[in-house]
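Listed below are the residues making up each chain.
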Amino acid sequence: MRINISYDICAATLMLVLLIIHMAKKKTSILQNVMFFVFTLMALITTVFSLMCSVTAMQSTDLNLKILINFGYIFFHNLRAFSFALYVITIMEASLKNMSFKLRAAVVMPIILSVFATLIMIKSSDYWNAFINFREGYFEYIIYIVSAYYLAFGVFFATFNKELANRDFRIAIYLYLIFIVGANIMQYSMPIIPTVGNSDVTFIPIENFGAALCSILIFSTIQKSEEFIDSLTGLFNEDSFSRMFLINSKAKKSFSVIIVYVEDIKMLIQAFGIDKINSIRKDVADFLETIAPKNAFCLSMSTFAVILDDLNDKDLKQYIQKIEDEFEKKWGEENYGIYISARILDIKIPRDVDSLELVYNYIDYLKGLDNSKKWIISAKDVSLKDTKRRIAVENAIKRAIENDSFTVFYQPIYSIDENKIVSAEALVRLTDDELGYISPAEFIPISEQNGTILKIGEIVFDKVCSFMAKNNLNKKGIEYIEINLSVVQCMQESLAVDFLKIMKKYGIENCRVNLEITETAAAYSPKMLIKNMKSLFENGVCFSLDDFGTGYSNINSLMNLPLDMIKFDKSMIDMATNHDKGKIILGSSIAMVKRMDLKIVAEGVETREQMEMFAAMGIDYLQGYYFSKPVCEEDFLKYIKNFKGIEGV
Ligand code: C2E
Ligand code: CA
Ligand code: CA
């Protein structure tokens, strides 16, 4: 019999190349990658034995050598099938360790039995005398039974564990089945079937070539590691992090995660340009890779993570210290380097968290911290109650935007001179189905951080204009409505244009709107703020400075802003009510503001005494519960209709 070995040579070459590429490639140290290696290696060894079988069958008469090589072939062929099953199991983030005893037995028993069966047969020299040539007889049956068994196992396991096996993976497994079965059918349906003793026929073993194609298929689908790498930093990406986390926690391993959050990345990009910041991110990545090879991850522009095996607190501290030290230095080239600050958080699993979601909650927590401090914290010292609430509020905001369920309340503002209500402050209200009433003091800062304030600001502005137009507020004595502007809105380039457009839409005179800005807005983004303010001011819109007296009120820095009014914060009002010194401060503040020819609104006026005192001190407008709480549109209309002035003023 002649045997055509060219397919086996091709198969062996392909597998060898595949193994080299696989080894050279950057990959995580998860079991799946190890099992892919083992599985392909088994396939390669099987192919080499198949080649040796063919050569000895044609060229050698040494029976012992043939027996040995045939045994090797059968043994590794079975191992190949076995490692395929193991690979399927590991891919699905399962492992033999946490499988039931029955399932474990189902995986391991066949391979053990097959080894015994082969050994017993090999001992029977009768058998060998009958089949001295090539891989024939009962041996073949063992191979087929074992292979079919493990193939079926893999296919069933993938099919019936749908939550573990994604679609791509299942398709790859089914294709594997088709390839292998197809190769076998081809091998035996070739026109020339080998018969013992007939040396003229040619047999073409093709199965290993099929197996090589399968490995390539799996390599280019399931094992495609590019999908797990962040192309810019070269670190593993977020998907990879999630997967690694899940695999470790499924295996009930104890491990640590260190999160490194780079502060102000957006600002850094604005200041230094994206290229420079990306090159620094790459440096950070390289550094993390050196302290935790193959276990460093890039989760986003600003967030990196390191997964470490279970460490004691001392070692963990050392790791953190190393990272901290590195961030004390400049990043980037010697002369043009910049300092960047990072917040570092360590999480121990399972001590601190039991789910990936919680890890992300901690990351959110880290992001929400204050820039002015140096943050190196342990998850064990942090309560996530705040973060959970924050996420719930974020979702409520999203829902309210989608369902247009924000409302606007109005709080009357009283003019002492005219003894009547001349304006009102618009205050946004959010009542969520799940969380109930949420105070703007809570959700406005959150919406400023996640950017939804831009949408909210627009919604409020639109609603106020619509309300003014519909009810002809001007005719009812309301000269203007005050609307709060957030810092983030002031930084928006299109702010002025957007607002002017909305006022035009409702036919509202621009002077009917008074925008409240805070000092932080002025300090944060002076250029854009001034540009926006100027353009609105030139179109007739007025401005108030809100919350005066809360910050480090430096009125001089606000001199070049086109302001009409200053709103004294409730805390200042309360101080003046309760302390003599507070009254002195209030008095001199009033004098200063008056000298600048600006009007004053006192916020949070709750009693008649306060009202009388502020009237005597020369304050122009009063706002507070003494007059009315913020109320809905309807109640506000009723209020101004019924307001007959304050007696004795
Ligand atoms: P703010 O601009 O200082 O608004 C005044 C706050 O004081 C309002 O709280 C109001 O209900 C409350 N207040 C008024 N009179 C009294 C009083 O006599 N006693 C007491 N104890 N409180 C009084 P609110 O409505 O909870 O708003 C909180 C903050 O949320 C506002 O502070 C403002 O900074 C922000 N905010 C509200 N609506 C908007 C909005 O539409 N846009 C933006 N950007 N911020 C808003
Ligand atoms: Ca305000
Ligand atoms: Ca205020």
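Look up a bit, the structure's there.
Note that the structure is predicted; figures quoted are calculated from it, not measured.

Undergrad: Mind showing me how you'd approach the sheet that holds strand 7 (residues 376-378) here?
TA: Note: strands within a sheet are paired through backbone hydrogen bonds, in either parallel or antiparallel orientation. Spatial ordering of the open sheet is given by 4-5-3-6-7, a layout of five strands whose pairing is mixed. The open sheet terminates on both sides in strands that have one partner only, identified here as strand 4 (296-298) and strand 7. Sheet twist, expressed as the mean angle between neighbouring strand axes with direction ignored, is 20 degrees. Most of the contacts of helix 13 (residues 356-367) go to strand 6 (residues 342-349), to which it runs at about 155 degrees, and overall it touches strand 3 (255-262), strand 5 (303-309), strand 6 and strand 7.

Undergrad: Is there a simple way to think about the pattern of salt bridges in this case?
TA: Pairs may arise between side chains of opposite charge once their charged atoms sit close together. The full count for this structure, using the stated rule, is 27 salt bridges. Here lysine 374 ties to glutamate 328 by a salt bridge, and the two come within 3.1 Å at their closest N and O atoms. Of this pair, lysine 374 sits in the loop between helix 13 and strand 7 while glutamate 328 sits in helix 12 (residues 313-328), and the two are 46 residues apart along the sequence. Here aspartate 462 and lysine 505 are joined by a salt bridge, their closest N and O atoms 2.9 Å apart. Highlighted residues: aspartate 462 in helix 16 (residues 453-471) and lysine 505 in helix 18 (residues 495-506), separated in sequence by 43 residues. Through salt bridges that share partners, Glu425, Glu482, Glu516, Lys567 and Glu603 make up one connected network.

Undergrad: For this particular structure, what's the right way to read the coordination of the calcium ion (ligand 2)?
TA: A four-donor tetrahedral metal ideally has 109.5 degree angles, and a six-donor octahedral metal ideally has angles of 90 or 180 degrees. Distances from the calcium ion (ligand 2) to its protein donors, Glu425 (OE), Asn484 (OD1), Glu516 (OE) and Asp546 (OD), fall at 2.0 to 2.3 Å. A gap of 3.8 Å separates the calcium ion (ligand 2) and the calcium ion (ligand 3), which aspartate 546 links by coordinating each metal. Here the residue asparagine 484 occupies a position in strand 11 (residues 480-484), and aspartate 546 occupies one in strand 13 (residues 542-548), the gap between them amounting to 62 residues. Residue classification places asparagine 484 among the partly exposed positions, given a relative accessible area of 30%.

Undergrad: Can you walk me through the pairing of strand 15 (residues 599-602) in this structure?
TA: On any regular strand, side chains alternate: one points to one face of the sheet, the next to the other face. Sheet topology places strand 14 (residues 565-568) next to strand 15; four bridges connect them, and they run parallel. In the sheet register, lysine 567 faces strand 15, and the bridge partner there is valine 601. Judged from the two bridges that link them, strand 15 and strand 16 (residues 621-622) form a sheet pairing that is parallel. By the bridge assignment, alanine 602 is partnered in strand 16 with leucine 622.

Undergrad: Looking at this structure, how should I read helix 14 (residues 385-403)?
TA: Taking 1.5 Å of rise per residue, the 19 residues of helix 14 would be expected to cover 27 Å, and the 27 Å separating its terminal C-alpha atoms lies within 8% of that figure. Of all the positions in helix 14, only Thr387, Val393, Glu394, Ala396, Ile397 and Ala400 are classed as buried. Where the residues of helix 14 are buried, they touch helix 13, strand 9 (420-432), strand 10 (436-438), helix 15 (440-450) and helix 16. Looking at the residues trailing helix 14, positive phi occurs at aspartate 404, about 50 degrees.

Undergrad: Sorry, what's going on with the packing of aromatic side chains here?
TA: A complete count under the given rule lists 30 aromatic pairs for this structure. Between phenylalanine 75 and phenylalanine 76 the ring centres are 5.3 Å apart and the planes differ by 80 degrees, which places this aromatic pair in the edge-to-face class. The exposure class assigned to phenylalanine 75 is partly exposed, which follows from its relative accessible area of 27%. Between the aromatic rings of phenylalanine 153 and phenylalanine 157, the centroid separation amounts to 5.6 Å while the plane-to-plane angle is 15 degrees, which identifies the pairing as stacked. Highlighted residues: phenylalanine 153 and phenylalanine 157, both in helix 6 (residues 138-160), separated by four residues, approximately one helical turn. When the ring centre of tyrosine 319 is taken as origin, the NZ or CZ atom of lysine 322, which lies over that ring, is 5.1 Å away.

Undergrad: What is the right way to read empty space enclosed by the protein from this model?
TA: Empty space among the atoms becomes visible once a probe the size of a water molecule is rolled across them. In total, this model carries one cavity of 30 Å³ or more according to the counting rule given. Estimates place the volume of the largest cavity at around 40 Å³. In terms of lining, the largest cavity is formed by Val262, Ile265, Leu268, Ile277, Ile280, Arg281, Val284 and Ile340. When contributions to the lining of the largest cavity are tallied by element, the ones reaching two or more residues are helix 10 (265-272) and helix 11 (274-291). If you tally residues by element for the lining of the largest cavity, the top one is helix 11, at four residues. Here the lining of the largest cavity is built from residues that sort into seven nonpolar, no polar and one charged.

Undergrad: Would you explain unusual backbone geometry in this entry?
TA: Where the residue is not glycine, phi is negative for most of them; where a peptide bond is considered, it is trans in most cases. Here the bond from isoleucine 349 into proline 350 is cis, since omega is 10 degrees, no more than 30 degrees from zero. Mapping proline 350 onto the fold places it in the loop between strand 6 and helix 13. For aspartate 404, which is not glycine, the phi dihedral falls at a positive 50 degrees. Considering the arrangement of structural elements, one finds aspartate 404 in the loop between helix 14 and strand 8 (407-415). Residues other than glycine seldom take positive phi values, yet asparagine 472 does so here, at roughly 50 degrees. Topologically, asparagine 472 is positioned in the loop between helix 16 and strand 11.

Undergrad: Whenever I open this one, the site of ligand 1 confuses me. Can you help?
TA: Close to ligand 1 lie 21 residues, the nearest being Gln411, Arg429, Asp546, Glu606 and Tyr625. Between ligand 1 and the protein, one listed contact pairs an oxygen atom with a side-chain N or O atom of asparagine 484 at 3.1 Å. Contact between ligand 1 and tyrosine 625: an oxygen atom at 2.8 Å from a main-chain N or O atom of the residue. Within the residue set of the shell around ligand 1, elements represented by two or more residues are strand 9, helix 15 and strand 13. Among the elements that take part in the shell around ligand 1, strand 9 stands out by supplying four residues, more than any other. Residues of the shell around ligand 1, tallied by class, amount to nine nonpolar, five polar and seven charged.

Cut-offs and rules
- Residues numbered from 1 in each chain as written.
- Chains lettered and ligands numbered in written order.
- Predicted model: local features only at pLDDT ≥ 70, side-chain atom pairs only at ≥ 80, totals over all residues.
- Heavy atoms only, no water.
- Pairing = 2+ DSSP bridges.
- Helix = DSSP H or I, 4+ residues; strand = E, 2+ residues; numbered from the N terminus.
- Axes fitted to C-alpha atoms, helices over the stretch in contact; angles between N-to-C directions.
- Contact = heavy atoms within 4.5 Å.
- Salt bridge = Lys/Arg side-chain N within 4 Å of Asp/Glu carboxyl O.
- Donors = N, O, S within 2.8 Å, 3.2 Å for Na, K, Ca; no water.
- Buried < 20%, exposed > 50% of the residue type's maximum accessible area, 1.4 Å probe, protein only.
- Expected span 1.5 Å × (residues − 1).
- Phe/Tyr/Trp six-rings, centres within 6.5 Å; stacked < 30°, edge-to-face > 60°.
- Lys NZ or Arg CZ within 6 Å of the ring centre and 35° of its normal.
- 1 Å grid on protein atoms, 1.4 Å probe; cavity = no way out; pocket = protein on both sides within 12 Å on 5 of 7 lines; lining within 4 Å.
- Points joined across faces, edges and corners; volume = space filled by probe spheres on them.
- Nonpolar A, V, L, I, M, F, W, Y, C, P; charged D, E, K, R; others polar.
- Near = heavy atom within 4 Å.
- Polar contact = N/O pair within 3.5 Å; in protein donor to acceptor, adjacent residues only side chain to side chain.

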